[in-house]
Amino acid sequence: MDPYAMTTGVLRSPDFLRFLSSHVANEIGTNISRVALPLVAVLILNAGAFEVGLLSALQSAAFLMIGLPAGVWVDRMRRRRVMVTADLVRGALLASVPIAHVLGLLSIGMLLAVALLAGVAQVFNDVADQTYLPELVGKEQLSSGNSKLEFVRSGGALAGPSLGGALAQVLGAPLAVLATALTSLASALALRSIRSRDRPPAAPRERAGMGRDIREGFAFVWQDRVLRPIMVTTMGTNLCLSAVISLSVLFLADVVRLPPGLIGVLLMSGAVGGLLGGLTGAWLFRRYGTARVTWLSLAVTSPFGLLLPMTQADWRVSFFALTSIALSWGAILYNVGQVTYRQSVAPDGMLGRVNATVRFVVWSTMPLGALLGGIVAQQIGVREALWVFLGGRVLSFVPLLFSPLVRLRDFSQARTRP
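Parameters at a glance
- Residues numbered from 1 in each chain as written.
- Predicted model: local features only at pLDDT ≥ 70, side-chain atom pairs only at ≥ 80, totals over all residues.
- Heavy atoms only, no water.
- Core = buried A, V, L, I, M, F, W, Y, C linked by side-chain atoms within 4.5 Å.
- Buried < 20%, exposed > 50% of the residue type's maximum accessible area, 1.4 Å probe, protein only.
- Helix = DSSP H or I, 4+ residues; strand = E, 2+ residues; numbered from the N terminus.
- Axes fitted to C-alpha atoms, helices over the stretch in contact; angles between N-to-C directions.
- Parallel < 35°, antiparallel > 145°, perpendicular 65-115°, else oblique.
- Left-handed = near helix turned anticlockwise from the far one by under 90°.
- Contact = heavy atoms within 4.5 Å.
- Nonpolar A, V, L, I, M, F, W, Y, C, P; charged D, E, K, R; others polar.
- Expected span 1.5 Å × (residues − 1).
- Bend = angle between axes of the 7 residues up to and from the residue.
- Patch = residues over 30% accessible without salt bridge, like charges linked within 9 Å, V, L, I, M, F, W, Y side chains within 5 Å.
- Areas by Shrake-Rupley, 256 points an atom, 1.4 Å probe, with all protein chains shown as cover.
- Salt bridge = Lys/Arg side-chain N within 4 Å of Asp/Glu carboxyl O.
- pLDDT = per-residue confidence, 0-100.

Draft legend 1. Quick look at the nonpolar core. Counting residues in hydrophobic clusters, the biggest one holds 28 residues, and the most contacted among them are Phe16, Phe19, Val123, Phe124, Leu133 and Leu136. Within the residue set of this core, elements represented by two or more residues are helix 2 (14-44), helix 3 (49-75), helix 4 (79-103), helix 5 (108-137), helix 6 (142-171) and helix 7 (173-192). Ranked by residue count, the leading element in this core is helix 5, at 9 residues. Ala36, Ala115, Ala118 and Val177 belong to the second-largest nonpolar core, a separate cluster that totals 26 residues.

Draft legend 2. Spatial organisation of the packing of helix 4 against helix 7. The contact between helix 4 and helix 7 brings their axes to 8 Å, and the two run at 160 degrees. Comparing their axes, helix 7 and helix 4 come out roughly antiparallel. The hand of the helix 4/helix 7 crossing is left-handed. Counted together, Arg80, Met83, Val84, Asp87, Leu88, Arg90, Gly91, Leu94, Ala95, Val97, Pro98 and His101 of helix 4 and Pro174, Val177, Leu178, Thr180, Ala181, Ser184, Leu185, Ser187, Ala188, Leu191 and Arg192 of helix 7 form the full contact between these two elements. Across the contact of helix 4 with helix 7, the residue classes break down as 14 nonpolar, 5 polar and 4 charged.

Draft legend 3. Here's a closer look at helix 5. Across its 30 residues, helix 5 extends 43 Å between first and last C-alpha, which sits within 8% of the 44 Å expected from 1.5 Å per residue. The largest bend in helix 5 comes to about 30 degrees, at Thr131, with the proline Pro134 one to four residues further on. With respect to burial, helix 5 is a largely interior element, 23 of its 30 residues being buried. Positive backbone phi, approximately 85 degrees, marks Gly138, located one or two places after helix 5.

Draft legend 4. Structural detail: the side chain of Thr180. Checked against the element boundaries, Thr180 lands in helix 7. Of the residues examined, Thr180 reaches a relative accessible area of 0% and is grouped as buried. When near neighbours in sequence (up to four residues on either side) are disregarded, Thr180 contacts Gly29, Ile32, Ser33, Arg90 and Leu94.

Draft legend 5. Local environment of a nonpolar patch on the surface. Together, Leu88, Leu182, Leu185 and Leu189 make up a nonpolar patch on the protein surface, roughly 380 Å² of accessible area in all. Examining the composition of the nonpolar patch, we find that 3 residues originate from one element, helix 7, more than from any other. Among the structural elements, Leu189 can be located in helix 7. Residue Leu189 is classed as exposed on the basis of its relative accessible area, which comes to 54%.

Draft legend 6. Geometry of the confidence of the model for the chain. Of all residues in the chain, 88% attain a pLDDT of 70 or more, and the chain-wide mean is 80. Scored below 50 in pLDDT, residues 1-8 shows 21 contacts in the model against residues more than four places distant or in partner chains.

Draft legend 7. Just the packing of helix 5 against helix 13 (residues 351-363), in detail. The contact between helix 5 and helix 13 brings their axes to 9 Å, and the two run at 130 degrees. Comparing the axis directions of helix 5 and helix 13 gives the class oblique. The crossing of helix 5 and helix 13 is right-handed. Taking contact as the criterion, the partners of Asp126, Val127, Gln130, Thr131 and Pro134 in helix 5 are, on helix 13, Leu351, Gly352, Asn355, Ala356 and Arg359. Partitioning the contact of helix 5 with helix 13 into residue classes produces 4 nonpolar, 4 polar and 2 charged.

Structure, rendered in structure tokens:
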């Protein structure tokens with residue numbers, strides 16, 4: 001662990017700043033690619049709606065395909081080495097798109113393959129990233145470190161798509177994809193510059209099979225009295241929010257009847273809440289306690305969701321922005337808290353599997369939520385469907401009320417095993 005992180009805080013640690021720089025590059029590149037790759041499909045390859053939808057799905061489907069084995073493999077390898085390798089692989093895959101375009105070899109099949117394989121590389125990066133942070137800053141600085149990383153993620157979500165659109169307009173869509181490849185290279189170089197030794201994985205006991213290692217990760221998560229309700233709460237929250245997100249553009253365009261420019265501004269407002277969460281998280285956790293802020297962040301901000309279905313094309317358009325900011329702020333605080341708890345409680349040799357297990361389970365409800373949003377809206381109307389799912393979002397934190405969290409100030413007070 002870097003001694004600077006203990007004595008002067010994570011932002012005074014040179015190695016943490018290098019790690020944070022890697023995140024800046026990676027988050028901006030990831031968000032640029034979410035715009036640039038579909039633009040290549042549409043503008044260069046004349047892709048239809050189904051192909052563009054499939055492309056977007058493949059960019060996020062990799063975690064459901066390989067997330068659990070990735071957790072096992074990360075536990076068996078040096079974490080920083082995994083992140084550097086993943087960045088280089090992702091960069092090479094993305095760089096192949098403009099090269100293939102210049103050579104006349106680019107096809108929609110190749111673009112779909114690049115999206116999927118780049119997503120697989122990102123899975124390894126993400127799992128190793130959350131597993132590496134305790135090694136870099138120590139458990140005492142986890143909430144502060146996670147808050148800074150969430151601030152960067154929110155900033156990337158705010159700036160990346162607009163930057164991707166600007167690059168595609170100025171340079172062309174293929175060169176915008178090349179820019180994402182260069183950000184992956186920059187991320188790898190920043191990680192390589194970290195001076196702390198890349199700690200080897202925990203000494204393995206008798207090497208178990210993949211299936212047994214995955215089951216151990218599930219068992220640890222399910223048996224922990226804090227992780228279990230956190231996981232159930234996050235599943236419900238993701239399901240409801242995915243439904244709301246899937247209906248947002250339709251709601252603002254067809255029901256509220258807002259112009260496209262204003263819709264874009266409103267859809268970006270959630271990133272403002274994310275930035276606020278990243279800025280205030282460390283102070284709130286220090287002032288009020290990690291466990292307390294984790295569950296209160298959802299309990300306090302969730303009722304703001306009931307404002308969103310009341311959005312109208314007058315002064316009440318502010319309801320959409322207010323809801324987005326409040327829910328994003330609460331979600332960032334909650335995510336920082338629950339990730340910090342996982343990093344604090346999981347044994348070093350199991351943290352990769354624990355991270356992968358939780359992310360696999362809670363992300364599995366997201367496509368289901370998007371599908372249910374469309375089905376419910378078709379049956380009862382878009383505004384009415386938003387009432388249903390945002391009402392569910394209000395209730396999603398209820399499992400936490402039956403957990404030890406409500407009796408704790410900090411996670412360090414939790415008895416983590418039953």
